[in-house]
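# Descriptive analysis of the structure
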Amino acid sequence: MTVIDKGQASLSFVPEVGGAVSGFTVGGRDVLRPAAAGTSDALMTACFPLVPFCNRIPHGRFVFEGREVVLPPNLAGHPHPLHGQGWRSAWTVEHAADGEALLSYQHAPDAWPWAYRAEQRFHLLDSGFRAQLTVINTSDTAMPAGLGFHPYFPRRPGETLTAANDGVWLIDTEVLPTEHHPGPWEADWAAGAAVEGHGLIDHCYTGWDQRAVLRAPGRPETVITASPECRWLHVYVPPGEDFLCVEPCASRPNPFGEGDTGMVVLQPGESRSIWMEIATA
């Protein structure tokens with residue numbers, strides 16, 4: 001495990017587990033859900049990167065510039081690969097000192113037929129941190145790209161989430177988007193809504209203004225902000241669990257589907273970056 005500190009803030013990593021953050025504390029208090037001890041699965045960590053795409057590709061099949069691509073499943077029992085390759089690969093710590101860290105991952109072409117380099121740069125603040133995620137196309141042909149972050153937060157008694165949005169992608173039983181529903185649905189996050197009492201939420205919200213706030217009675221606020229490219233906010237609230245996810249994303253589920261999905265085309269040598277800040281007050 002790798003750790004960086006600044007004042008009361010401490011950020012730890014398990015780079016061999018998908019380049020994941022294993023914990024973030026301020027004054028000894030968990031701001032992110034701490035990773036399960038000894039875990040080898042990014043799903044059990046505090047935060048991991050989504051690169052080079054976010055969420056699910058139906059059956060892993062898409063066509064890009066005339067090339068048909070088929071990706072294998074990467075989640076047991078689920079037919080639709082998700083979140084790219086970074087979260088299922090070991091990363092390298094290139095630097096970790098003085099409140100800053102740089103992690104990197106080199107992808108060699110395989111079922112995803114493009115080479116790329118991914119980087120995560122972390123910078124500790126007095127009561128938060130900024131993470132920058134970058135993907136660089138190192139192949140000799142154009143590559144599609146979308147990025148995101150997958151932080152986990154402790155679900156506190158009376159927790160509410162406030163996040164501006166103009167609608168939500170409804171999902172089917174395989175958690176694939178089916179249709180866009182304008183305005184509030186189930187939980188009205190734009191007005192500030194309780195996290196509990198809605199059943200499974202695993203939905204992508206549109207029109208996000210890059211700011212979300214988690215509040216719980218008698219507890220410090222947690223504020224999540226992101227770069228303008230992160231126009232989608234994915235919220236995951238599984239029933240009966242002690243955590244929730246508030247995920248800034250620069251592309252939406254089914255990223256090769258119709259309409260504006262946020263995916264961009266990177267020519268050889270080109271890069272794309274996004275950032276997220278998590279702070280407590």
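Scroll up to find the structure this text is about.
What comes next is a walk through the structure. (Residues numbered from 1 in each chain as written. Predicted model: local features only at pLDDT ≥ 70, side-chain atom pairs only at ≥ 80, totals over all residues. Heavy atoms only, no water.)

## Considerations on the overall build of the protein
Broken down by element type, the protein carries 0 helices and 24 strands. By the compact-globule yardstick of 19 Å for 281 residues, the protein fits well, its C-alpha radius of gyration being 18 Å. Once the C-alpha set of the protein is aligned to its principal axes, its extents read approximately 55 × 45 × 35 Å. Relative to its 281 residues, the protein shows a buried fraction of 55%. For the protein, long-range pairs separated by at least 24 residues make up 64% of all intrachain contacts whose partners lie at least 6 apart in sequence. Per element, the accessible surface of the protein, about 11200 Å² overall, is 51% carbon and sulfur. (Helix = DSSP H or I, 4+ residues; strand = E, 2+ residues; numbered from the N terminus. Rg over C-alpha atoms; globule rule 2.2 N^0.38 Å. Buried < 20%, exposed > 50% of the residue type's maximum accessible area, 1.4 Å probe, protein only. Contact = heavy atoms within 4.5 Å. Areas by Shrake-Rupley, 256 points an atom, 1.4 Å probe, with all protein chains shown as cover.)

## What about the nonpolar core?
Residues Leu11, Phe24, Leu32, Phe122, Phe129, Trp189 and Val246 are the most contacted members of the largest nonpolar core, which totals 65 residues. Not counting residues up to four positions away in its chain, the partners in contact with phenylalanine 122 are Leu11, Phe13, Val21, Gly99, Glu100, Ala101, Leu103, Phe129, Arg130 and Ala131. (Core = buried A, V, L, I, M, F, W, Y, C linked by side-chain atoms within 4.5 Å.)

## Considerations on the sheet that holds strand β17 (residues 193-194)
Read across the open sheet, the 9 strands follow the order β8-β9-β10-β11-β24-β20-β19-β14-β17; overall the sheet is antiparallel. Only two strands of the sheet have a single neighbouring strand rather than two, namely β8 (92-97) and β17. Sheet topology note: the strand β14 (residues 160-163)/strand β19 (residues 211-215) ladder contains 4 bridges and is antiparallel. Across the sheet, the residue bridging to alanine 163 is alanine 212, located in β19. (Pairing = 2+ DSSP bridges.)

## Examining the packing of aromatic side chains
In this description, an aromatic ring pair is defined by two values, namely the gap between the centres and the angle between the planes. Tallied over the full model, the rule gives 14 aromatic pairs. For the ring pair phenylalanine 62 and tryptophan 112, a centre distance of 5.9 Å and an interplane angle of 45 degrees mean the geometry is tilted. Pair noted here: phenylalanine 62 is in strand β6 (residues 61-64) and tryptophan 112 is in the loop between β9 (100-107) and β10 (116-124), with a separation of 50 residues, a long-range link. Here phenylalanine 62 matches tryptophan 112 in class, with each residue buried. Their ring planes at 45 degrees and their centres at 6.3 Å tell us that phenylalanine 122 and phenylalanine 129 sit as a pair that is tilted. The pair phenylalanine 122 / phenylalanine 129 is uniform in exposure class, with both members buried. Chaining the aromatic ring pairs together yields one cluster made of Phe53, Phe62, Phe64, Trp112, Trp114 and Phe256. One cation-aromatic arrangement involves arginine 130 over tryptophan 275; the distance from NZ or CZ to the ring centre is 3.8 Å. Above the plane of the ring of tryptophan 169 lies arginine 252, whose end atom (NZ or CZ) is 4.5 Å from the centre. (Phe/Tyr/Trp six-rings, centres within 6.5 Å; stacked < 30°, edge-to-face > 60°. Lys NZ or Arg CZ within 6 Å of the ring centre and 35° of its normal.)

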